[in-house]
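Each chain is listed here by its residues.
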Amino acid sequence: MPHKIAIVGSGPSGCYLAQALGKACDDATIDLIDRLPVPYGLVRYGVAPDHQGTKAVIRQFARLFEREGVGFIGNLRIGDPSTGADLSLEELRSLYDVVVLATGLSADRRLGIPGEDLSGVYRSGPLTRHWNDHPDEAGLVPALGPKVVIVGNGNVAIDILRLLAKEAPEFAGSDLAETHVARLSDRPITSIDIIGRSAPAEAKFDPVMVRELGKLASVRFRIEDLPPETEDEDKRLAVLRGLQGVGNADASRTITFRFGWVPTRIEGEQAARAIRLQRPDGADTLELACDSVVTAIGFADDASMDRERLLIDALDAEAGVAAPGLYLAGWFKRGPRGTIPDNRADAQALAKRIAADLAAAPTAGDKPGADALRTRFAHITDYAGWLRIDAAETRDLPADRCRRKFTSVEDMLAVARERPETR
Ligand SMILES: Cc1cc2nc3c(=O)[nH]c(=O)nc-3n(C[C@H](O)[C@H](O)[C@H](O)COP(=O)(O)OP(=O)(O)OC[C@H]3O[C@@H](n4cnc5c(N)ncnc54)[C@H](O)[C@@H]3O)c2cc1C
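### Here we look at the site of the ligand
Part 1 of the argument: Around the ligand sit 34 residues, and of these G9, G11, G41, G104 and G330 come closest.
Part 2 of the argument: For the shell around the ligand, the secondary structure elements donating two or more residues are α1 (12–24), α2 (41–45), α7 (155–165) and α12 (330–334).
Part 3 of the argument: When the residues that make up the shell around the ligand are grouped by side-chain class, the tally is 12 nonpolar, 18 polar and four charged.
Part 4 of the argument: Taken domain by domain, the shell around the ligand gets at least three of its residues from each of domain 1 (3–105 + 301–422) and domain 2 (108–299).

If you want it as structure tokens, here you go:
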């Protein structure tokens, strides 16, 4: 009997792991389980709607289900049932020989300063999920602008900056919903300040992401806090210097990069009206008037899986071995670092480890796996259901849109469950 392997989370790390396990384990059936009826995690719900080239990696992941026999079990949440999960981790482990947690990290890190819960302060996770039509954020109605401050210097901060700085026609070819485009245009943004704690050469963003900003139609750039130019300049510095002064005087908005500032307070009674900054050594302070603040300073555990305890008790946390038969992968294992391809090498190493562990301690191979889940949970969905959702989302679109996503799980389920002959 083949070993039954369940990977919880169908984001990039789950998909890369399924791919690598297919090669490393001769005799295993692999199921990717997700709490949503749609696969691919942050590729669908994090990667910016105007970066369709990056999202195209799902074509590679689709081969898992279409050619490599991996199962997709959607609409099944694993975790503590008292928090609304369908099935506990312990119960899932009793059904599979191997369980891997690849559930990502969806909570935002907090600034830890007064004022960060004022209205007008937004976190990158809800905002980027909202623009990607994640059902969890359907109720969010962001009212950003006219003066926006973004705190953070990673790629997510740059994504947010770019989306806020684009004019409506610049979203052609994206899957940003018309309602989001309209809302972004409703209250035109006139200035965006982006604040980094470190010096420009140490900023976390990828220089390519900043270079792309130079293509924006109607912005002008100011880059503050740049050190004097040197001959063998770091790529980040060179790219930033290249943006200095770019844009014309009648551009609709000004983008200002500021480096080496630590936010100390967001001012306001009910709503944010200014942010106070300080040099790390306390030498200088600055107050920027603003209407909205967006924090993009990294991600953390949403506490639904007791990740901290799993890591503390792990047999080998670095290798992702939590306990016999229980493994950790992707952002859930190593923290919120790394791009989509970075999850691949990790997945390959973990697959080898799982294959070696299975070979060293062969199990009876009599676990019921997905059959038990299908019997117990009538609400779970499969890959054919996702294909129906995918087809419905990409049918009858205006020429300048590539997808119109469902924003509620109920709507997704209604389509996923349609019988093929009723179409
Ligand atoms: C806003 C944003 C934009 C990004 N843009 C890019 C980019 O342009 N290019 C790039 O290379 N990288 C980008 N990244 C990084 C990239 O998305 C990550 O490296 C990658 O998604 C991590 O993969 P993962 O599988 O560990 O987690 P995730 O992609 O988060 O996948 C986790 C999956 O687990 C599921 N899940 C969660 N909890 C449960 C549960 N209890 N039960 C069942 N299922 C569950 C979720 O629904 C999800 O499908 C971005 C990240 C963010 C946050």
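### Here's the deal with the packing of helix α6 (residues 124–131) against α7
Part 1 of the argument: Close contact between α6 and α7 brings their axes to 11 Å; oriented N to C, the two are set at 50°. Classified by the interaxial angle, the pair formed by α6 and α7 is oblique. Of the two possible hands of crossing, α6 and α7 adopt the one that is left-handed. Here S124, L127, T128 and W131 of α6 come into contact with α7, specifically with V156, D159, I160 and L163.
Part 2 of the argument: Partitioned by chemical class, the residues of the contact of α6 with α7 number five nonpolar, two polar and one charged.

### A look at the sheet that holds strand β4 (residues 98–101)
Part 1 of the argument: Spatial ordering of the open sheet is given by β3-β2-β1-β4-β17-β16, a layout of six strands whose pairing is mixed. Unpaired on one side and paired on the other, β3 (71–73) and β16 (321–323) mark the two borders of the sheet. Neighbour-to-neighbour, the strand axes of the sheet open up by a mean angle of 25°, direction not taken into account.
Part 2 of the argument: Examined bridge by bridge, β16 and strand β17 (residues 326–328) share two bridges and lie antiparallel to one another. Among the inter-strand pairings, V321 is bridged to a residue of β17, identified as Y327.

### What about the domain arrangement of the protein chain?
By a widely used convention, the size of an interface equals the accessible area lost when the partners come together.
Part 1 of the argument: We note that the domain assignment places domain 1 (3–105 + 301–422) and domain 2 (108–299) within the protein chain.
Part 2 of the argument: Here domain 1 and domain 2 have C-alpha centroids that lie 32 Å from each other.
Part 3 of the argument: Every contact between the two is made by 18 residues of domain 1 and, on the other side, 19 residues of domain 2.
Part 4 of the argument: Considered class by class, the residues forming the side of domain 1 that touches domain 2 number seven nonpolar, four polar and seven charged.

### What about the sheet that holds strand β11 (residues 262–267)?
In a beta sheet, neighbouring strands pair by backbone hydrogen bonds and run either parallel or antiparallel.
Part 1 of the argument: In space, the three strands of this open sheet follow the order β11-β12-β13, with antiparallel pairing throughout. Where the open sheet ends on each side, the last strands, each with one partner, are β11 and β13 (285–289). Averaged over all neighbouring strand pairs, the angle between strand axes comes to 20°, with direction disregarded.
Part 2 of the argument: Alignment of strand β12 (residues 274–278) against β13, held across five bridges, turns out to be antiparallel. Across the sheet, residue A274 finds its bridge partner in β13, namely A289.

### Quick look at the environment of A182
Part 1 of the argument: Within the fold, A182 resides in helix α8 (residues 178–186).
Part 2 of the argument: Sequence spacing of A182 and P146 is 36 residues, and the spatial spacing of their C-alpha atoms is 15 Å.

### As for the environment of S252
Part 1 of the argument: Looking at the element boundaries, S252 is found in the loop between α10 (235–243) and β10 (253–259).
Part 2 of the argument: Spatially, the C-alpha atom of S252 lies 9.3 Å from that of A217, the residues being 35 residues apart in sequence.
Part 3 of the argument: Every residue in contact with S252, bar those within four places of it in the chain, is listed here: P188 and S218.

### Some remarks on the nonpolar core
Part 1 of the argument: Core analysis: the largest hydrophobic core is formed by 110 residues, its most contacted members being I7, L17, V100, I150, I160, L161 and L164.
Part 2 of the argument: It is α7 that provides the largest number of residues to this core, a total of eight residues.
Part 3 of the argument: When residues of this core are sorted by domain, at least three fall in each of domain 1 (3–105 + 301–422) and domain 2 (108–299).

### A short note on unusual backbone geometry
Part 1 of the argument: Cis rather than trans, the peptide bond between G145 and P146 has omega equal to -5°.
Part 2 of the argument: Its place among the elements puts P146 in the loop between α6 and β7 (147–151).
Part 3 of the argument: At N75, a residue that is not glycine, the phi angle is positive and equals roughly 65°.
Part 4 of the argument: For D225, which is not a glycine, the phi torsion comes out positive at approximately 65°.

### Regarding helix α4 (residues 57–66)
Part 1 of the argument: Residues F61, L64 and F65 constitute the buried set of α4. Buried positions in α4, seen along its axis, are confined to an arc of 90° and lie on one side of it. More than 90 degrees from the buried face of α4, the exposed residues found are R59, Q60, R63 and E66.
Part 2 of the argument: Elements in contact with the buried residues of α4: α1, β3 and α15 (383–393).

Procedures and definitions
Residues numbered from 1 in each chain as written. Predicted model: local features only at pLDDT ≥ 70, side-chain atom pairs only at ≥ 80, totals over all residues. Near = placed C-beta within 6 Å. Helix = DSSP H or I, 4+ residues; strand = E, 2+ residues; numbered from the N terminus. Nonpolar A, V, L, I, M, F, W, Y, C, P; charged D, E, K, R; others polar. Domains from an automatic or database assignment. Axes fitted to C-alpha atoms, helices over the stretch in contact; angles between N-to-C directions. Parallel < 35°, antiparallel > 145°, perpendicular 65-115°, else oblique. Left-handed = near helix turned anticlockwise from the far one by under 90°. Contact = placed C-beta atoms within 7 Å. Pairing = 2+ DSSP bridges. Core = buried A, V, L, I, M, F, W, Y, C linked by C-beta atoms within 7 Å. Buried ≥ 20, exposed ≤ 12 C-beta atoms within 10 Å, placed from the backbone. Arc of directions from axis to C-beta.

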